[in-house]
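Here is how the chains run, residue by residue.
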Amino acid sequence: MAQNAPAAQAPTQSQMQPAVATPSDAQLQKFTGAAQKVSGLAETYRPRIESAKDDAAREKIFKEADEKMVKVVNADGLTVDEFNGIGQAVEQNPQLQQRVREIAQSKTPAKAKSGG
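Residues numbered from 1 in each chain as written. Predicted model: local features only at pLDDT ≥ 70, side-chain atom pairs only at ≥ 80, totals over all residues. Heavy atoms only, no water.

Engineer: What exactly am I supposed to notice about helix α3 (residues 80–92) here?
Structural biologist: Because the α-helix completes a turn every 3.6 residues, residues three or four places apart line up on one side. Its 13 residues place the ends of α3 18 Å apart at the C-alpha level, agreeing with the 18 Å of an ideal helix rising 1.5 Å per residue. Among the residues making up α3, those that are buried are Val80, Phe83, Asn84, Gly85, Ile86, Gly87, Gln88, Ala89 and Val90. Taken together, the buried residues of α3 touch α1 (25–50), α2 (55–75) and α4 (94–107). (Helix = DSSP H or I, 4+ residues; strand = E, 2+ residues; numbered from the N terminus. Expected span 1.5 Å × (residues − 1). Buried < 20%, exposed > 50% of the residue type's maximum accessible area, 1.4 Å probe, protein only. Contact = heavy atoms within 4.5 Å.)

Written as structure tokens, this is what we have:
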């Protein structure tokens, strides 16, 4: 049942070793920004995919979502392979997970402060 999981993950992952063993801070910054956008796209497209009338409609929506995800990853300065490689490295390394959380929090503007 979970084989056709709707757009929850970034573009297709290969079964190779991670492209990036230990990503630099700059790569983690790019990854975090791209991952937040990819996640937002996945949330936007999930209901559309789930409510599609048939497989053909679902496939069309999924392909559109995939193309947009590739564009946001590329716009943040990463290839899909780099994005997936960093994602794998982060999954396997609790220290990287913590660093990504810190970066994500720093990217989220604090509501109480004005940016000046």
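Engineer: I tried to follow the packing of aromatic side chains on my own but got confused; where do I start?
Structural biologist: How two aromatic rings sit relative to each other is given by the distance of their centres and the angle of their planes. The tally for this structure, following the rule as stated, stands at one aromatic pair. Both rings, one in Phe31 and one in Phe83, keep their centres 5.0 Å apart while their planes meet at 35°; by these two values the pair is tilted. Within this pair, whereas Phe31 is found in helix α1, its partner Phe83 is found in helix α3, the two being separated by 52 residues in sequence. Each member of the pair Phe31 and Phe83 is classed as buried. (Phe/Tyr/Trp six-rings, centres within 6.5 Å; stacked < 30°, edge-to-face > 60°.)

Engineer: Which parts of the structure should I look at to understand the pattern of salt bridges?
Structural biologist: Pairs may arise between side chains of opposite charge once their charged atoms sit close together. In this structure the tally under the stated criterion is six salt bridges. The closest approach of N and O atoms between Arg48 and Glu64, which form a salt bridge, is 3.8 Å. Of this pair, Arg48 sits in helix α1 while Glu64 sits in helix α2, placing them 16 residues apart in sequence. Exposure remark for Glu64: the relative accessible area of 29% places this residue in the partly exposed category. Among the salt bridges present, the one from Glu102 reaches Arg99, with a minimum N-O distance of 3.3 Å. Taken together, the positions of Glu102 and Arg99, both in helix α4 and three residues apart, correspond to about one turn of that helix. What makes Glu102 partly exposed here is its relative accessible area of 36%. The structure contains a network of salt bridges with shared partners spanning Asp25, Arg99 and Glu102. (Salt bridge = Lys/Arg side-chain N within 4 Å of Asp/Glu carboxyl O.)

Engineer: Quick question: what am I supposed to make of the packing of α1 against α2 here?
Structural biologist: Geometrically, a packed helix pair is captured by the angle between its two axes and the distance between the axes. Look at α1 against α2: their axes get within 9 Å of each other, and the N-to-C directions meet at 170°. It follows from the interaxial angle that α1 and α2 lie roughly antiparallel. On α2, the residues touching Ala34, Lys37, Val38, Leu41, Ala42, Tyr45, Arg48 and Ile49 of α1 are Arg58, Ile61, Phe62, Glu64, Ala65, Lys68, Met69, Val72 and Val73. Among the residues forming the contact of α1 with α2, the class breakdown is 12 nonpolar, no polar and five charged. (Axes fitted to C-alpha atoms, helices over the stretch in contact; angles between N-to-C directions. Parallel < 35°, antiparallel > 145°, perpendicular 65-115°, else oblique. Nonpolar A, V, L, I, M, F, W, Y, C, P; charged D, E, K, R; others polar.)

Engineer: Teacher, can you tell me more about the packing of α1 against α3 here?
Structural biologist: Running from N to C, α1 and α3 cross one another at 100°; their axes reach a closest spacing of 10 Å. When the axis of α1 is compared with that of α3, the two are roughly perpendicular. Facing Gln27, Leu28, Phe31, Ala34, Ala35 and Val38 of α1, the residues of α3 in contact are Phe83, Ile86, Gly87 and Val90. Residues belonging to the contact of α1 with α3 are distributed by class as follows: eight nonpolar, two polar and no charged.

Engineer: Before we go on, may I ask you to explain the nonpolar core in this structure?
Structural biologist: Nonpolar side chains tend to gather and get buried jointly when the protein is soluble and globular. One finds Leu28, Phe31, Phe83 and Val90 to be the most contacted residues of the largest nonpolar core, which totals 22 residues. Those elements giving two or more residues to this core turn out to be α1, α2, α3 and α4. Looking at this core, the element that brings in the most residues is α1, giving eight residues. (Core = buried A, V, L, I, M, F, W, Y, C linked by side-chain atoms within 4.5 Å.)

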